[in-house]
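Inside the fold
Here's the letter readout for the chains.
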Amino acid sequence: MGKIFCLMGKSASGKDTIYGKLLHMAEPVFKRVIPYTTRPARSGETEGETYYFRTDEQADAMERDGRIIEMRAYHTVHGVWKYFTADDGQIQPDKENYLMIGTLEAYEKIRDYFGPEHVCPIYIWADDGERLERALKRERTQKQPRYAEMCRRFLADEQDFSEENLEKAGITVRFENRNLDDTLSRILDYIRWEMTPASNA
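To keep things clear, this report deals only with the structure shown in the data block. No experiment lies behind these values; they were computed from the predicted model shown.

1. A word on the sheet that holds strand 4 (residues 52-53)
Read across the open sheet, the four strands follow the order 4-3-6-5; overall the sheet is mixed. Edge positions in the open sheet fall to strand 4 and strand 5 (68-76), since each of these has one partner strand only. Where strand 5 and strand 6 (residues 79-86) come together, eight bridges link them in antiparallel fashion. For Arg-72, the partnering residue across the bridge sits in strand 6 and is Tyr-83. The strands touched by helix 3 (residues 104-114) within the sheet are strand 5 and strand 6, with strand 5 carrying the most contacts at an inclination of about 165°.

Dropping the structure here:
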């Protein structure tokens, strides 16, 4: 039986870097789950690699067809941006192991859709001051930095990943990202344990 590992955490916690490193390891082998979004592509993002970029009209059509597993809509300073996971044939948990990035809400809906026996959360966190420094540094590399949106996202994370919401979602394992190599090693130990038949008994 395969597993869907959902990486999540506040913005600039390091989850994107960890995600990339896990995908490029020789073992364990994961298939990627590429999410969808209606926001504009950022510098360096490629269609079908980082996201599938869709218009609002295309997203609405997918929702009418019953193809959306979970969707989040954010009222940003640039308008409403939607992020979603679709039942588009990418995920077949009976056959493969998958790795994806999502929010706490997305994890809960994916868990409910595929079943808790198939879905494992990986919650990454880092000191707020360090996250803010990382986010600012990243935003400065963009052709058109969106500092207001960066601040909105930073503040929204405090509510989205509140202790109450984490407890309600059943998140009991956390990985503090102080040192990337150490964090990656602990996450790999957790993943390998979850993949063993004994952990599923």
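From this point, the narrative continues.
2. Quick look at the state of the cysteines
For the structure on display, the rule yields zero disulfides. The cysteine Cys-120 is free of any disulfide, with Cys-6 supplying the nearest cysteine sulfur at 8.5 Å. Taking the relative accessible area as the measure of exposure, Cys-120 reaches 3% and is therefore buried.

3. Points about the environment of His-118
Here His-118 lies in the loop between helix 3 and strand 8 (119-125). Under the relative-accessibility criterion, His-118 is labelled buried at 7%. Distance in space between the C-alpha atoms of His-118 and Lys-3 is 4.7 Å, their sequence separation being 115 residues. Discounting residues that sit within four places of it in the chain, His-118 has contacts with Met-1, Gly-2, Lys-3, Ile-4, Pro-93 and Asp-94.

4. Thoughts on the side chain of Asn-177
As for its placement among the helices and strands, Asn-177 is situated in the loop between strand 9 (174-176) and helix 7 (180-195). For Asn-177, a relative accessible area of 5% puts it in the buried group. Of the polar contacts made by the side chain of Asn-177, one reaches the side chain of Thr-183; its length is 3.2 Å. Apart from the residues lying within four places of it in its own chain, the contact partners of Asn-177 are Ser-13, Gly-14, Ile-18, Ile-124, Trp-125, Ala-126, Arg-134 and Thr-183.

5. Quick look at the nonpolar core
Within the largest apolar cluster, 18 residues are counted, with the highest numbers of intra-cluster contacts made by Ile-4, Met-8, Leu-104 and Ile-171. Elements with a contribution of two residues or more to this core: strand 1 (4-9), strand 7 (98-101), helix 3 and strand 8. Considering every element that reaches this core, the biggest residue donor is helix 3, with four residues. What Leu-104 contacts, discounting residues up to four positions off in sequence, is Met-8, Asp-160, Phe-161, Asn-165, Leu-166, Ala-169 and Ile-171. If you look at the next biggest cluster of nonpolar residues, it comprises 17 residues, including Phe-5, Leu-22, Leu-23 and Ile-122.

6. Quick look at the pairing of strand 6
In terms of burial, strand 6 is largely enclosed, as six of its eight residues are buried. The pairing of strand 3 (residues 36-37) with strand 6 spans two bridges and is classified as antiparallel. Looking across to strand 6, one finds that Tyr-36 is bridged to Phe-84. Counting the residues between successive antiparallel strands, the hairpin from strand 5 to strand 6 contains two residues.

7. Concerning the packing of helix 4 (residues 128-139) against helix 5 (residues 147-160)
Where helix 4 meets helix 5, the axes come as close as 10 Å, and the angle between the chain directions of the two elements is 155°. Here helix 4 lies roughly antiparallel to helix 5, going by the angle between them. Crossing geometry of helix 4 relative to helix 5 is assigned as right-handed. On the side of helix 4, the interface is formed by Asp-128, Arg-131, Leu-132, Ala-135, Leu-136, Arg-138 and Glu-139, while helix 5 contributes Tyr-147, Met-150, Arg-153, Phe-154, Asp-157 and Glu-158. Residues of the contact of helix 4 with helix 5, tallied by class, amount to six nonpolar, no polar and seven charged.

8. Some words on the pattern of salt bridges
Taken as a whole and judged by the stated rule, the model has 17 salt bridges. A salt bridge links Arg-39 to Glu-45; the shortest N-O distance between them is 2.8 Å. With respect to class, Arg-39 is no different from Glu-45; both count as buried. Asp-128 is the salt-bridge partner of Arg-131, the closest N and O atoms lying 3.0 Å from each other. Here Asp-128 and Arg-131 lie together in helix 4, a separation of three residues that amounts to about one turn. Overall, Arg-131 belongs to the buried group, its relative accessible area being 0%. Among the charged side chains, a salt-bridge network with shared partners connects Lys-10, Asp-128, Arg-131 and Glu-158.

Calculation criteria
- Residues numbered from 1 in each chain as written.
- Predicted model: local features only at pLDDT ≥ 70, side-chain atom pairs only at ≥ 80, totals over all residues.
- Heavy atoms only, no water.
- Pairing = 2+ DSSP bridges.
- Helix = DSSP H or I, 4+ residues; strand = E, 2+ residues; numbered from the N terminus.
- Contact = heavy atoms within 4.5 Å.
- Axes fitted to C-alpha atoms, helices over the stretch in contact; angles between N-to-C directions.
- Disulfide = S-S within 2.5 Å.
- Buried < 20%, exposed > 50% of the residue type's maximum accessible area, 1.4 Å probe, protein only.
- Polar contact = N/O pair within 3.5 Å; in protein donor to acceptor, adjacent residues only side chain to side chain.
- Core = buried A, V, L, I, M, F, W, Y, C linked by side-chain atoms within 4.5 Å.
- Parallel < 35°, antiparallel > 145°, perpendicular 65-115°, else oblique.
- Left-handed = near helix turned anticlockwise from the far one by under 90°.
- Nonpolar A, V, L, I, M, F, W, Y, C, P; charged D, E, K, R; others polar.
- Salt bridge = Lys/Arg side-chain N within 4 Å of Asp/Glu carboxyl O.

Function cannot be inferred from these measures alone, as they are strictly geometric.
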